[in-house]
Amino acid sequence: MLPVGRSTFPKNSEHFLPLCNGLRVFLVMETPLKKSLRTPSVLPQPSETFRQLIEIRKLLSVIALICLLLTTFVSFVRLDSVNGDLSLLLPLPLLSAIGILPVVGPAFLFITEILGTARILTIVHHLAAPRSGEDYVRRYFLNSRLLLRYIVATLLSRLSLWQFFLWSGDIIGTLFLIRLGKENMLPVPPVSQCLLEKLGVATCVSVVDDQIVCEPHAIPQQLIIPSARGLKLLDLCLTHDEDSDHDSDDSRSSSSDSSDNEAQFLSLRGGSVFRRLPGGKMRSKEAPANSTVAVEKSSIYEVQFEDPTWWQYLPSLKCIGLASLVVDGNKNEFVSSNRDGDCRFDRLSDARSKLVPFVCRERRSNQLRALGQCIGFSSEPNASGDRGDLSPYMEKLRLHILSKSMVNERLEIDAHERSSEQSRWWGYVRPDATSVIVQDSRSKAYQVLTIGDPSVVIELCHEAWQGEISTILPLAAGDRRTILETTNDWKLADLDVTAFAYSPIPRTLENRIDDVATEDRLYLFDGITDMSWAGKSKNPSDEWSLAKNQVFLGVLGSFVVPRGEIQRLLKAFAGAGVRFVYFSPRNMRRQKELAIQLSIDVSWNAAISLRPLESGEDEDPHRMTSAYADWDVNARLPHGVDDVKRHLEEVDNVPLLVSLFTDVTKQTTRDMIEVFQEYSDTVISVGSTMPWNEAIFSTADIAVGIDIFDEHCAHDNESEDGRAPIATGSEIEFASGISAHSCAFRFRNASSVSHLSDIMQQGRAALAATTAACIFLLNGCLAFSFFVLFCACSLSTVVPFVPALGSVLYLQIVLPIIGLALCMTDAEPNVMKHVPPKNDQSITFRRREGKILYTMLVIKAIPPALSSAIMWLIAYGALMLTHERELLLRECPNAEVWANVIRCEALKYYSGPARINAGDLALSHLVLCVIICSTSFVYRFHLIVDQLPICRNHVWALSVFISIGLTVLYLSLTVDSVSRATLPWYYYLFSVVNPLVCLVWNELCKRIEARTERRADKLRRLQFETRLGAYSPK
């Protein structure tokens, strides 16, 4: 039980635990890890790529059966079982079927998925690995050793041989003269997550935690100080860099004339004076370059007063600046009583006692330091001392004031009513006011400086300091009421409100400071909740007398602004056709200004509350009210997940176009993500690696975890005075890993989220390259099957010979080499300007997409096959005229040219070297045509004149040279030099021209595909950029 009245808590008192806003201590009887890991995962919906692959496989089965039957029929029609050579004829039907249904197909798909996943992990590695400060490679990373490491790691992961990674890495490292290892390697996502298939077509990115969207500290925005003409409102804005361009609106707002100055003296009653922060660049102080966490935590945004006459109020502002730096300068980030590092608790009471120092930690406020520096104070070493302007002031005692009425008020509010700043320290003991007693080493005088909640600070004050006239007057009741009403409006608008007070300590009380200064800090508890108790506390403790009778200085309103990385990310998502969705636990009134800073539309019907109206029928001061109606009630958009589902079924799809959802819980967030997936969205969820996000991560298509706990504790774990750290790195890693086991990626800090667009770009590039590689493989296989079919239907009297060894080399080596190399194609320049398609389970191919794909596969495969069949006729006739001259004079005396030779009936049963060599030459010509045509498959929808392939894929260029070399080697081994020399000149001319003609044909066909794709992309862009209306009936 908490004491009644005003008292002082001893150090490490367990009375602090009830003051932690409903903190509960549980005794864990058994670990929940087993239950968490055994929770059945949500079965993912099959991606569009997977469904298309199934349909293409069905089509190929039909084409293979047709080619098998046709080739068999033609071959047996032309077969003479008595005199024909069956060994040269019977393989044709089998080769025709195998060409369309290659044995290498499943292995090819397996390896392409490995290559695509490894490409993505290579980019993520530099963001999620501990050494995240390295510059990660954007464009030419494909030749790096890191990529090879991830290829090997992904391969062994897919084969369930991860335990042999180090052993195999040493062998591969010896072969390739590189170093492979498992250290600092990211875990490979399982194949069931379909990372390659879903990342490239993600249509929605949802952020489920405020720590990822908001800056870790607020920024000062408005300051109210007493003056001779009432309460003076001073606006603050971010300091712009000298080279930054100011737009006209900001310039006009920053220059204030006399009439504006008069307007600043407001009664401040009856409305909010909150306004939007001006945009611009923000300058921050440098931090150690070896720590990204330190950079984020120690950065202080520089602000300045907009009123050029602010210096007139320096007498009171100086005291405010001093209080800001003194109170914030010596906060205990963490005071640990566990010096020996023993974290084992024998009893629950031991756990409670060891928990007290942790919950009493304080959080630094960058807004206070920024305000102090804006007023003119500096903490850098100068002539005054090592502590700068604070050097003359020595801190003697720190008093933390805790109010039971404030605690009860916080416990009564709902989660959606908490402000951004309250959510940061919820669960800790945050003093409602802090008074610091300092001694001026120059005058030896003592002063008390107080910062805290206005409702608490104003009770300690009886006077107010009017700065411009340096006069201290009584604080009138009307001014008290105005200050409290204004600060309440600011709090409802999600501002962090801080009041300042000051008082010199009389000489008669200085001896008390020495009596109570045995501790560096004391906690004063105000347990008076009923005014009837005020008279019973006539003699409070001596410490309370030091904090009474102060002079009110002013009130500061600070706003939590969004991270700059998030704002840039939203622009990238808008261009990429990816909808950004922000799930906020606060209501619309608190969240509106932050949404405006994020450029999220917050006009009529632009946000949805996931809190059902039935639970909020009572009067709620946090509703979004206006001069006309209650926005939250009268808005036509639904309230609650059930109402959203009903709206989607009966009205329209406007809820799917909304970017802001308020009043959410973790359960409603998960339900809403399922709604997005039900309506064909591929959702990426980004959140902190905390246990409450585990269900959200397992529901989303792709989850990205942010180690917020690691980010905060990395700075806290710095050893101070030999005390043990809060948690070791391995403990943090283990705790985050359990909650984020469903995540595809894990980032070390929230700033890494800015690179999510780069990862998405690489995912799109990997998916497009893999798709192009698969289509190339299908095209090459179809070309071979058509070549075999055309050979069976040849105009010659003898059925052309197709070498089996050459066919195997072509299908099993050349095509896979080039196809896998195509998987390494870099991203096209405009890849992030296309809108990805929805994952509609009822649609496999969009309108005309399947028809055009099938048609182009067949049309592109015919020219190489047909030209190779014709080249066989030329080669066969020329070789017969050279090697079988006597046979021709005897059997075909009129065959003077190759055209007559191929139609000679006497050669119907010929099976000599000319027939075999002609088959090798024709197959080599087919291989050359397919190799050259692979240039058209580097990019599916971009002409080679627009994107030079050799500059976008060096691996493919190398594979082309290797494949051509293998083809030349095959010809040199199968066709003798005499036969090659006897071929006519136009044969070599056609060997050069035909591949180029096939390439031009492919480019012409590509124009049709590109035109269809551009039309579909424009339609998707139109649907994506649909603006929200007041009411859009179905």
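Everything below is about the structure shown above.
What you see is a predicted model, and the numbers here were worked out from it, not measured in a lab.

Trainee: Looking at this structure, I do not really get the overall build of the protein chain. What am I missing?
Mentor: When helices and strands are counted, the protein chain shows 39 helices and 20 strands. Pairs at least 24 apart in sequence give 81% of the contacts found in the protein chain among residues at least 6 apart. For the protein chain, the exposed area adds up to about 46500 Å²; of that, 57% sits on carbon and sulfur atoms.

Trainee: Is there a simple way to think about the pairing of strand β7 (residues 393–403) in this case?
Mentor: Among the 11 residues of β7, eight are classified as buried, and the element is accordingly described as predominantly covered. Pairing of β7 with strand β8 (residues 433–440), which is carried by eight bridges, proceeds in the antiparallel orientation. Bridged to Tyr393 within β8 is Asp440. Alignment of β7 against strand β13 (residues 521–526), held across six bridges, turns out to be parallel. Residue pairing for β13: Leu399 is matched across the bridge by Leu522.

Trainee: For this particular structure, what's the right way to read the packing of helix α30 (residues 756–792) against helix α35 (residues 913–933)?
Mentor: Packed helix pairs are characterised by how far apart their axes lie and by the angle those axes make with each other. With their axes 11 Å apart at the nearest point, α30 and α35 run at an angle of 155° to one another. Viewed along their axes, α30 and α35 adopt a mutual orientation that is roughly antiparallel. Crossing handedness for the pair α30 and α35: right-handed. Across the interface between the two elements, Phe776, Gly780, Ala783, Phe784 and Phe787 from α30 touch Ala922, Leu923, Leu926 and Val930 from α35. Residues that form the contact of α30 with α35 fall into these classes: eight nonpolar, one polar and no charged.

Trainee: Explain the environment of Tyr910 here, please?
Mentor: Here Tyr910 lies in the loop between α34 (898–901) and α35. Between the C-alpha atom of Tyr910 and that of Thr797, which follows or precedes it by 113 residues, the distance is 9.5 Å. When near neighbours in sequence (up to four residues on either side) are disregarded, Tyr910 contacts Val798, Tyr876, Met880, Glu884, Leu887 and Arg915.

Trainee: Could you clarify how one ought to interpret the pattern of salt bridges in this entry?
Mentor: Two side chains that carry opposite charge are able to pair once their charged atoms sit near each other. The final tally for this structure, using the stated rule, is 20 salt bridges. Here Asp707 ties to Arg746 by a salt bridge, and the two come within 3.2 Å at their closest N and O atoms. Taken as a pair, Asp707 in the loop between β19 (702–706) and α28 (708–716) and Arg746 in strand β20 (residues 745–747) lie far apart in primary sequence, 39 residues in all. Accessibility classification places Asp707 together with Arg746 in one group, the buried group.

Trainee: I tried to follow unusual backbone geometry on my own but got confused; where do I start?
Mentor: Of all residues except glycine, most have a negative phi; of all peptide bonds, most are trans. The backbone phi angle of Cys194 is positive, close to 50°, even though this residue is not glycine. Structurally, the position occupied by Cys194 is in the loop between α7 (165–176) and α8 (195–199).

Trainee: Would you explain the environment of Leu522 in this entry?
Mentor: With respect to the secondary-structure elements, Leu522 resides in strand β13. Separated by 88 residues in the primary sequence, Leu522 and Thr434 have C-alpha atoms spaced 9.9 Å apart.

Trainee: Could you clarify how one ought to interpret a positive patch on the surface in this entry?
Mentor: Together, Arg847, Arg848, Lys851, Arg1007, Arg1011, Arg1014, Arg1015 and Lys1018 make up a region of like positive charge exposed at the surface. Among the elements that line the positive patch, the one with the most residues is helix α39 (residues 985–1024), at five residues. Inspection of the secondary structure assignment puts Arg848 in the loop between α31 (804–822) and α32 (849–883). The class of Arg848 is partly exposed, set by a relative accessible area of 43%.

Trainee: Looking at this structure, I do not really get the pairing of β8. What am I missing?
Mentor: The side chains of a regular strand alternate, first on one face of the sheet and then on the other. For β8, a buried count of eight out of eight residues is recorded, marking the element as mostly surrounded by other parts of the structure. With burial as the criterion, each face of β8 is covered, one bearing Ala433, Ser435, Ile437 and Gln439 and the other bearing Thr434, Val436, Val438 and Asp440. Between the antiparallel neighbours β8 and strand β9 (residues 446–452) lie five residues, among them Lys444 with a positive phi of about 60°.

Trainee: Help me understand the nonpolar core in this model?
Mentor: Across soluble globular proteins, nonpolar side chains show a tendency to be buried alongside one another. In terms of nonpolar packing, the biggest core is built from 207 residues, with Phe500, Val686, Phe745 and Leu907 touching the most fellow members. Considering every element that reaches this core, the biggest residue donor is α30, with 19 residues. Core analysis: the next-biggest nonpolar cluster, separate from the first, contains 21 residues, Cys204, Leu648, Met672 and Phe676 among them.

Trainee: Just to check I follow, could you spell out the side chain of Thr434 for this structure?
Mentor: In this fold, Thr434 is placed in strand β8. Within the structure, Thr434 has its side chain in polar contact with the side chain of His400 (distance 3.2 Å). Apart from residues no more than four positions distant in its own chain, Thr434 is found in contact with Val327, Arg398, Leu399, His400, Leu449, Thr450 and Ile451.

Conventions used here
Residues numbered from 1 in each chain as written. Predicted model: local features only at pLDDT ≥ 70, side-chain atom pairs only at ≥ 80, totals over all residues. Heavy atoms only, no water. Helix = DSSP H or I, 4+ residues; strand = E, 2+ residues; numbered from the N terminus. Contact = heavy atoms within 4.5 Å. Areas by Shrake-Rupley, 256 points an atom, 1.4 Å probe, with all protein chains shown as cover. Buried < 20%, exposed > 50% of the residue type's maximum accessible area, 1.4 Å probe, protein only. Pairing = 2+ DSSP bridges. Axes fitted to C-alpha atoms, helices over the stretch in contact; angles between N-to-C directions. Parallel < 35°, antiparallel > 145°, perpendicular 65-115°, else oblique. Left-handed = near helix turned anticlockwise from the far one by under 90°. Nonpolar A, V, L, I, M, F, W, Y, C, P; charged D, E, K, R; others polar. Salt bridge = Lys/Arg side-chain N within 4 Å of Asp/Glu carboxyl O. Patch = residues over 30% accessible without salt bridge, like charges linked within 9 Å, V, L, I, M, F, W, Y side chains within 5 Å. Lys, Arg positive; Asp, Glu negative; His and termini not counted. Charge placed at Lys NZ, Arg CZ, Asp CG, Glu CD. Core = buried A, V, L, I, M, F, W, Y, C linked by side-chain atoms within 4.5 Å. Polar contact = N/O pair within 3.5 Å; in protein donor to acceptor, adjacent residues only side chain to side chain.

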